[in-house]
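Given next are the chains, with one letter for each unit.
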Amino acid sequence: MSGDGGGTGAPARGWPLYEVFVRGKRGLNHVHVGSLHAPDADMALRNARDLYTRRNEGVSIWVVPAEAITASSPDEKDPFFAPAGDKVYRHPTFYAIPDDVPHL
Amino acid sequence: MTEQNPSDQGISPQDQRDQRGQQGRHDQQDQHALAALEQRFARTIAADHRIEPRDWMPDAYRRTLIRQIAQHAHSEIIGMQPEGNWISRAPSLRRKAILLAKVQDEAGHGLYLYAATETLGADRADLTRKLIEGRQRYSSIFNYPTLTFADVGVIGWLVDGAAICNQVPLCRTSYGPYARAMIRICKEESFHQRQGYELLLTMMSGTEQQRRMVQEATDRWWWPALMMFGPPDADSPNTAQSMAWRIKRDTNDELRQKFVDMTVPQAEKLGVTLPDPELRWNPERGHYDFGTPDWAEFKQVLAGNGPCNAQRLAHRRRAHEDGAWVREAASAYAAKQAARAAARAQTPAAAREQRERAGVA
Ligand SMILES: [Fe+2]
Ligand SMILES: [Fe+2]
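Note that the structure is a prediction, hence the values are computed from the model and not measured. (Residues numbered from 1 in each chain as written. Chains lettered and ligands numbered in written order. Predicted model: local features only at pLDDT ≥ 70, side-chain atom pairs only at ≥ 80, totals over all residues. Heavy atoms only, no water.)

**Remarks on the side chain of B:R249**
All names here are of chain B.
In step 1: Structurally, R249 is set in the loop between helix 10 (239-244) and helix 11 (252-270).
In step 2: Within the local environment of R249, its side chain forms a polar contact with the backbone oxygen of R172, the two atoms lying 2.7 Å apart.
In step 3: Other than its neighbours up to four places away in sequence, R249 contacts D48, P169, R172, T173 and M243. (Helix = DSSP H or I, 4+ residues; strand = E, 2+ residues; numbered from the N terminus. Polar contact = N/O pair within 3.5 Å; in protein donor to acceptor, adjacent residues only side chain to side chain. Contact = heavy atoms within 4.5 Å.)

If you want it as structure tokens, here you go:
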């Protein structure tokens, strides 16, 4: 993935890719909103502010080099997630409780 | 189970070439695997689920998306020029601030979309090059000139209005990153259209000359705006496949009709006449009937012979070249900062080593 130059002005390899995460407001998680190329993390942060929070969409931004992210394999239904599939007892609905037991 | 380094965007063009190379081998086992992948892709589309960047997808689906999203991104970027033309001459600070914010939004739209193409293995620098060299298209609408300030209002009303018509269904397009970019874009577009309409309302309550400017701008932009939806369905050979892949959700003619139906009452409220003698309500269809855009003109503009094609591309090329020193300076600064950080990181260790050698530890 090379980035930003278009032939002139940026290094041949292009600027690195950063993934951008924004916390919409206090109390919420940072959420992935997109990505951008920048020469370094500081510039990535400034550019992310201009690109993804022009209308007060965030109170905090993370930028993460895309290369630093390790992801599970593409298929979202693959055996990687199987360990969670057969453990119904992790859910509260697994347990039958008589209707007349209060607050449970 | 886990692979190194594959964020949304992490599939390198090399990986994709490898993937394609693998698919190219035609022993039976591979064909079996390929059929399974195709089936899973088809099932995902049929269930109206989104395809995500690291999913397997047919080559033609990937190519179609890259072409369409790149063309869309180029349109946002080139689309800054007709209105940018008026930023320095806006009649008030209020109008100038609004126009600047709108044009800045369009730059943002271009960037969201270029980022979406990169999740498919495209490269923004490469796409920029293709645009500048005239090898990829952008919307024909931006090859018309903005002759008066009323054009700024009419662009917001009709051009952004038509763009919204096109874009709202794309919020449900089958490719995840494209759909997410469109959701973000659509949120911002409604300001674009409203500021344009408000500008026109203001001018219409002004002098006779201002009202005439609004009518003239409407006359010039109406037909090009209708052409933004693309050729008639009968002449749009790729529509069927794009609809089957759920990249497109409505045909060109359906969207054009929707736009006309939405716009006619707005024109009445504004007090302008849409320049189409055939335009009238059809109670049987429950839609407005309207005339046929000049498709010969549309083809001419697409072929590069519109009033401003050469000017738009030359300006884009110049802006890119003029920005070279900024990109160079940013790279040099980042390199210097990285070198300093590395030096600082070394210092304590280097000092400790010296002390140890001197027997002070
Ligand atoms: Fe836009
Ligand atoms: Fe817009």
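**Some remarks on the coordination of the iron ion (ligand 2)**
Residue and element names in this part refer to chain B.
In step 1: At the metal site, the iron ion (ligand 2) is ligated by E106 (OE), D160 (OD), E189 (OE), E189 (OE) and H192 (ND1), and these contacts range over 2.0 to 2.8 Å.
In step 2: The distance between the iron ion (ligand 2) and the iron ion (ligand 1) comes to 3.3 Å, and E106 binds to both of them. Taken as a pair, E106 in helix 5 (residues 93-118) and E189 in helix 8 (residues 176-204) lie far apart in primary sequence, 83 residues in all. (Donors = N, O, S within 2.8 Å, 3.2 Å for Na, K, Ca; no water.)

**Brief notes about the confidence of the model for chain B**
All names here are of chain B.
In step 1: Taken over all residues, the pLDDT of chain B has a mean of 90, while the share at 70 or more is 89%.
In step 2: Here residues 1-18 is modelled with pLDDT under 50, and outside its nearest four sequence neighbours on either side it reaches 49 contacts, counting other chains as well.
In step 3: Predicted as a complex, the structure gets a pTM of 0.85 and an ipTM equal to 0.82. (pLDDT = per-residue confidence, 0-100.)

**Examining the pattern of salt bridges**
In step 1: Tallied over the full model, the rule gives 21 salt bridges over all chains.
In step 2: As a salt-bridge pair, B:K130 and B:D126 come within 3.1 Å of each other at their nearest N and O atoms. Of this pair, B:K130 and B:D126 both sit in helix 6 (residues 124-132), 4 residues apart, which is roughly one turn of the helix.
In step 3: Residue B:D126 is classed as partly exposed on the basis of its relative accessible area of 24%.
In step 4: Members of the salt-bridge network, linked through shared partners, are A:R54, A:R55, B:D105 and B:E188. (Salt bridge = Lys/Arg side-chain N within 4 Å of Asp/Glu carboxyl O. Buried < 20%, exposed > 50% of the residue type's maximum accessible area, 1.4 Å probe, protein only.)

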